[in-house]
Amino acid sequence: MAYQRPLRWIELLDDLTSVEFLLSVTFAGREFYFSTRPQNISGIPFAGGLSADWTDALDLFNHSPTLLSIPLTLIFPEDVAALVAKGHDLWKGTGELSLWVEGRPYDDRIVLITGDMVDPSYGADQEPVKFSLEANGFQDSRLTHTQTQKILPLVTWGLFGIPNSSENKWYPIVFGTPGRYTNSDGSSTSTLGSPAYVVDTSGPTPKAVIAGHDVEAANVKIYNTRTGIAGVVAVTSGLDVLGQIVSTVDFPSAFLFPYTSGDPIFVIWDQGGGGLWNDTRTAARTGAGEIITYLLRLTTLKTDIGTWRALGPALDSFKLAGYIDDAVSAWEYIEDNILPLLPLSVFSTGEGISAVLWRREATKDEAVGAVTTGGGVARVGPVEYEKQTLYNDIRIDYAKDAESGDYLRSSGVVGSRKPGTDEPDLFSTSFSRASFLRYGEKARSLDTDIIYETATATNVLQWMHRAAAFPYRVILYDVPVRLGFLRRGDLVLLTDPEIHLFGYLAFVRDIAWIDGRPRLSLVLVDDPPRENRLK
C-alpha cells in the first residue's frame, strides 16, 4: 500500500481500532464527502455507502509503474443529473481516496490516491453514480532543457564564429566525471567523456560550451578527434546572451591546439573535478540518489521528497557519470537509464513519486516485527512462486567512449565456475553457484552509458544476481489492525507451522486494506547457500 505517511504503531495497539476509507469528490464547484457509514469528522458531514478494497500491487524492481485505478459506485446526496443539466461536467470531476483511523482529525488521514473521475455514468436522482478514480503520477510535461538552452545564433550567442556543427546543439547537463575509469589492474585512465560545442571563433582562440550549468571542475582536458591533440584548459562560469548559466573553455593557442571549423571536440574529465555540483557545493554530484533528486526537480511530477532523501545514502553508493545533450523528459531519463541499475521499485503515493529499496542481503536482526499465525493472523491461499526470469550469469559493459560509443570495460558474475586470478573482471558467489547447480546457466548481458567505476558495476552485479538467482515465494496473510503500521520493504519474521516456516525472514511487498483490515503480501527472503539446502 502506498502511504502518505505511515500509520503509527501507537495508534494501532487495539485491534478493535476502526480504520475506514474516506472519499472526497470535487464536482460542480463543491466537495462531496463519502465514508463507509454516515458520520461527522472534524466538522465535515460524510455520507455513507462507500465500499472500497484497496491494493496497489507492486512488482519487484519495477521501473514503469502501472496506472492507479479503483472503481467506485456511490449514491450522491444531490441530483447529479440536474447538476449536469445545469452545465456541470461529471467527466471533469476529481477525487481523493484516503484511510482514516477512527478518532483522529480529518487532516491526519492517509491519502492513497488522488486523480480524475474516469468513464463516469449516472442516472436519475438516487440512482448510482459509477466511475473509476484514476491517477497516473508519472506523466511529465516538462523537458530537461528549455527551448533556449541551446546554441542559437543571434539568440543565445553572436551571429559570427559559430560553426554549423554547433548550431542547435543543446547545452550538455554533465554529472559525475564521465570518461574517467579504472583498468582491470586497478590503474586509473580516461576516455572521451562528453562533447564540447564551439560557440565563438572571433576571439584570439575559440570558445566552447561544455555544460549548461556551473561545474565543479576548475580545469578539464579537451581533445580534438581530427588532430588527436589534447590540451588542459581552465573552466569559466558565465552567461550566454540570454543570461543563462553556462560553463565554457577557451582553447589553447592555435600552435598548441590546432582547430579547423567543424572539428569534433570532446571533454576528458580527468583533472580532479566533475560536472554538476551537489546541493552543498562541496563536490560533484555523483551518487545515484543525488542525481535522481536533481533530475526530479526538472520535472512537473510531485515527489515524495522525504522518502527519496531517506534513500539517498544507500543510493549514493552507486556512483554515476554521464551527460544529457538532448531535451528529454527528466523522468523518462531516470526511468530508462538510472532505475534499471538500482534495487528499487517506484510507485505513486499521496505524496507523489516514491520508492522502496529491496535488500536481499538483509538479516533477521533487521526485522521490525513478527507475523505469527493465530491470534488474528491467517494465511490466505497457498504459497505461490512468482513468475520470474532467473539469472546467474550476468555481464555488464560500461565506461563508454563519448565519440565512438564503444564500451571500454566489462565485468561479470558467473555461476558455472570460480574465475581464476587471471580473470579479474569476473567473480562468483555462493548464490550464483547454487543457482547454477539448481537451474543450469541463466545468462543475460546489459550495458550502461552512465557507469565508469568498476566498484559501481560490481555493486550492480551483486544486487542483480542476488535478486534473480532464485524464484520468489509469495504468501498473503490477513493480519490484525495492529500490524497496519508496516510499510513496503519492511522486514518481518514469519512463523507459520502449517507450512513449516519458523522465524523465516520475509519482506513486505504490499499491504491491501479489505473491510478495514490489512492484508500483507510477504516475499520470503530465500538464502539457499546459508540454509545449506544443497547437501
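Here is what the cut-offs are and how they apply
- Residues numbered from 1 in each chain as written.
- Predicted model: local features only at pLDDT ≥ 70, side-chain atom pairs only at ≥ 80, totals over all residues.
- Heavy atoms only, no water.
- Helix = DSSP H or I, 4+ residues; strand = E, 2+ residues; numbered from the N terminus.
- Buried < 20%, exposed > 50% of the residue type's maximum accessible area, 1.4 Å probe, protein only.
- Pairing = 2+ DSSP bridges.
- Contact = heavy atoms within 4.5 Å.
- Axes fitted to C-alpha atoms, helices over the stretch in contact; angles between N-to-C directions.
- Salt bridge = Lys/Arg side-chain N within 4 Å of Asp/Glu carboxyl O.

*Asks:* Looking at this structure, I do not really get unusual backbone geometry. What am I missing?
*Replies:* It is generally the case that most residues other than glycine have a negative phi and that most peptide bonds are trans. In this structure, Ala28 takes a positive phi of about 60° despite not being glycine. Inspection of the secondary structure assignment puts Ala28 in the loop between strand S1 (19–27) and strand S2 (30–35). Of the residues examined, Ala28 reaches a relative accessible area of 23% and is grouped as partly exposed. Of note in this structure, His500 is not a glycine but carries a positive phi near 60°. Here His500 lies in the loop between strand S28 (491–496) and strand S29 (501–514). Using a relative accessible area of 64% as the deciding quantity, one classes His500 as exposed.

*Asks:* Could you clarify how one ought to interpret the sheet that holds strand S25 (residues 426–427) in this entry?
*Replies:* Within a beta sheet, neighbouring strands are joined by backbone hydrogen bonds and run either parallel or antiparallel to one another. Strand order across the open sheet formed by four strands is S25-S24-S23-S26, with mixed pairing between neighbours. Each having just a single partner strand, S25 and strand S26 (443–447) make up the two edges of the open sheet. Two elements, strand S23 (residues 393–400) and strand S24 (residues 407–413), share six bridges in a ladder whose sense is antiparallel. Its bridge partner being in S24, Tyr398 is matched across the sheet by Arg409. Along the sheet, helix H6 (residues 454–468) contacts S23, S24, S25 and S26; its crossing angle with S23, the most-contacted strand, is approximately 155°.

*Asks:* Is there a simple way to think about the sheet that holds S2 in this case?
*Replies:* The strand order across the open sheet formed by six strands is S2-S1-S6-S7-S8-S5, and the pairing between neighbours is antiparallel. Looking at which strands have only one partner, the edges of the open sheet turn out to be S2 and strand S5 (68–74). Adjacent strand axes in the sheet meet at a mean angle of 30°, parallel and antiparallel pairs treated alike. By the bridge criterion, seven bridges tie S5 to strand S8 (residues 129–135) in an arrangement that is antiparallel. By the bridge assignment, Ser69 is partnered in S8 with Glu134.

*Asks:* I tried to follow the pairing of S8 on my own but got confused; where do I start?
*Replies:* On a regular strand, one side chain projects to one face of the sheet and the next to the other, so that they alternate. Burial of S8 is one-sided: the residues Val129, Phe131, Leu133 and Ala135 facing one way are buried, the residues Lys130, Ser132 and Glu134 facing the other way are not. Two elements, strand S7 (residues 110–121) and S8, share four bridges in a ladder whose sense is antiparallel. In the strand pairing of S8, Asp116 is matched with Glu134.

*Asks:* Sorry if this is basic, but what is going on with helix H2 (residues 288–296) here?
*Replies:* Think of an α-helix as turning once every 3.6 residues; residues three or four places apart then point the same way. When you tally the buried positions in H2, you get eight out of nine residues, the bulk of the element. Residues Ala288, Gly289, Glu290, Ile291, Ile292, Tyr294, Leu295 and Leu296 constitute the buried set of H2. Elements that come into contact with the buried residues of H2 comprise strand S9 (173–175), helix H3 (305–315), strand S18 (322–324) and helix H4 (330–338).

*Asks:* Is there a simple way to think about the pattern of salt bridges in this case?
*Replies:* Applying the stated rule across the entire model yields 21 salt bridges. Note that Arg509 is salt-bridged to Glu386, the shortest N-O span being 2.5 Å. Taken together, the residues span a long stretch of sequence, with Arg509 in strand S29 and Glu386 in the loop between strand S22 (378–385) and S23 at a distance of 123 residues. Look at Glu386 and you get partly exposed, because its relative accessible area is 25%. In this structure, Arg488 engages Asp510 in a salt bridge whose closest nitrogen and oxygen atoms are separated by 3.6 Å. Remark: Asp510 occurs in strand S29 and Arg488 occurs in the loop between strand S27 (473–478) and S28; sequence separation between them is 22 residues.

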